[in-house]
Amino acid sequence: MKKTIFVLLVLGLLFSFNVYAIDNSFVDIRSKIFEEANEIKAHLATSKDALLLSSMWDSCLMAMRELDAYFQMLGIFNTIKEKDISEEAVVFLSKWLSEIKAGSELNIKILDETAYPTEAQSATSIARIKNAFGELNRIIDAELDKISLLRKSIQIKQQ
């Protein structure tokens, strides 16, 4: 009987962690950017806009790597005991997010100013990538708001 309860408890915990990962907006946007990168890659070999698509594919990969690094930082950050969280750690997270946002804003600006696709599929990819980077920026803004509240609470606690 105790084994059954223990197994159910462990399965419940594992399921709850998976539900959190599925609900995480950063994971969702990373998946969306990954899907866009795969579509671009599939279209790359036959497109007349190969240089433009290659650049967009690189931008997608870079954004995914930056988000992966942020996930790793959060993993490290979450190992810090609540009483030991320093303002420097919070500032580091917010600066990393700001850099990701600056990169995605630059990607949107470049696509707005220099993208002259010759194929309809390329134009569709540009619109979807710009949308994904815009959504990423909105998610980052919301996360930066949360982090700023954490930073304020740490400053108050230190006083």
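Data block above holds the structure.
Residues numbered from 1 in each chain as written. Predicted model: local features only at pLDDT ≥ 70, side-chain atom pairs only at ≥ 80, totals over all residues. Heavy atoms only, no water.

## So, helix H3 (residues 50–78)
Structural remark: α-helix, 3.6 residues per turn; residues separated by three or four positions point the same way. Inclusion rule: Here a helix means four or more residues in a row that DSSP labels H or I, a strand means two or more in a row labelled E, and each is numbered from the N terminus. The length a helix should cover is 1.5 Å for every residue beyond the first. To sort residues, take the accessible area from a 1.4 Å probe on protein chains only and compare it with the maximum for the residue type: under 20% means buried, over 50% means exposed, and anything in between is partly exposed. Residue contacts are counted whenever heavy atoms from the two residues lie within 4.5 Å of one another.
Given a rise of 1.5 Å per residue, 29 residues ought to cover 42 Å, and the 42 Å separating the end C-alpha atoms of H3 matches this to within 8%. Of the residues making up H3, those classed as buried are Leu52, Leu53, Met56, Ser59, Cys60, Ala63, Met64, Leu67, Tyr70, Met73 and Phe77. Structurally, H3 contributes buried residues whose contacts are with helix H2 (25–44), helix H4 (87–114) and helix H5 (120–158).

## Concerning the nonpolar core
So the rule is basically this: Take the buried residues of types Ala, Val, Leu, Ile, Met, Phe, Trp, Tyr and Cys, join any two whose side-chain atoms come within 4.5 Å, and each joined set is a nonpolar core.
Counting residues in each nonpolar core, the largest one holds 33 residues, and the members touching the most others are Phe26, Ile33, Met56, Leu97 and Leu136. At the level of secondary structure, the elements contributing two or more residues to this core comprise H2, H3, H4 and H5. If we ignore the near neighbours within four places in the chain, the residues touching Leu136 are Phe26, Ile29, Ile33, Leu67, Ile100 and Ser104.

## A few points about the pattern of salt bridges
Threshold: Salt-bridge detection follows one rule: a side-chain nitrogen of Lys or Arg within 4 Å of a carboxyl oxygen of Asp or Glu.
Enumeration over the complete set of coordinates arrives at nine salt bridges. The closest approach of N and O atoms between Asp68 and Arg30, which form a salt bridge, is 2.6 Å. Of this pair, Asp68 sits in helix H3 while Arg30 sits in helix H2; the two residues are 38 residues apart in sequence, bridging distant segments of the chain. By relative accessible area, which is 22% here, Arg30 ends up partly exposed. Ionic pairing is found between Arg151 and Glu87, a salt bridge with its closest N-O pair at 2.9 Å. Here Glu87 lies in helix H4 and Arg151 lies in helix H5, a separation of 64 residues in the sequence. Of the residues examined, Arg151 reaches a relative accessible area of 33% and is grouped as partly exposed. In the salt-bridge network here, residues are joined through shared partners; they are Arg30, Arg65 and Asp68.

## Notes on the environment of Ile147
Along the chain, the position of Ile147 falls in helix H5. Accessibility expressed as a relative area gives 8% for Ile147, which makes it buried. Placed 53 residues apart in sequence, Ile147 and Ser94 show a C-alpha to C-alpha distance of 6.7 Å. Discounting residues that sit within four places of it in the chain, Ile147 has contacts with Tyr70, Val90, Leu93, Ser94 and Leu97.

## Quick look at the side chain of Asp49
The test is simple: The charge count treats Lys and Arg as positive and Asp and Glu as negative. His and the chain ends do not count. Distance and chemistry together define a polar contact, namely a pair of N or O atoms within 3.5 Å, with one atom able to donate a hydrogen and the other to accept it when in protein, and with adjacent residues in sequence counting only for side-chain atoms on both sides.
If you trace the backbone, Asp49 turns up in the loop between H2 and H3. No salt bridge is formed by the buried Asp49; the nearest opposite charge belongs to Lys48, separated by 8.5 Å. A polar atom in the side chain of Asp49 sits 2.8 Å from the side chain of Thr118. In terms of polar contacts, Asp49 uses its side chain to reach the backbone amide nitrogen of Glu119, at 3.2 Å.

## Structural notes on the packing of H3 against H5
The condition that has to hold: To obtain each axis, a line is fitted to C-alpha atoms, and for helices this fit is confined to the stretch in contact; angles are then taken between N-to-C directions over 0 to 180 degrees. Angle categories are assigned with fixed cut-offs, so that under 35 degrees is roughly parallel, over 145 is roughly antiparallel, 65 to 115 is roughly perpendicular, and the rest are oblique. Put simply, a crossing is left-handed when the front helix is turned counterclockwise from the back one by less than a right angle, and right-handed when it is turned clockwise. Under the scheme applied here, ten amino acids are nonpolar (Ala, Val, Leu, Ile, Met, Phe, Trp, Tyr, Cys and Pro), four are charged (Asp, Glu, Lys and Arg), and all others, including Gly, are polar.
Close contact between H3 and H5 brings their axes to 11 Å; oriented N to C, the two are set at 20°. Classified by the angle between their axes, H3 and H5 sit roughly parallel to one another. As for the relative orientation of H3 and H5, their crossing is left-handed in sense. From H3, Leu52, Leu53, Met56, Ser59, Cys60, Ala63, Leu67, Tyr70 and Phe77 reach across to H5, where they touch Ser122, Ser125, Ile126, Ile129, Phe133, Leu136, Glu143, Ile147 and Leu150. Taken together, the residues that form the contact of H3 with H5 break down as 14 nonpolar, three polar and one charged.

These results come straight from atomic positions and should not be treated as a statement about function.
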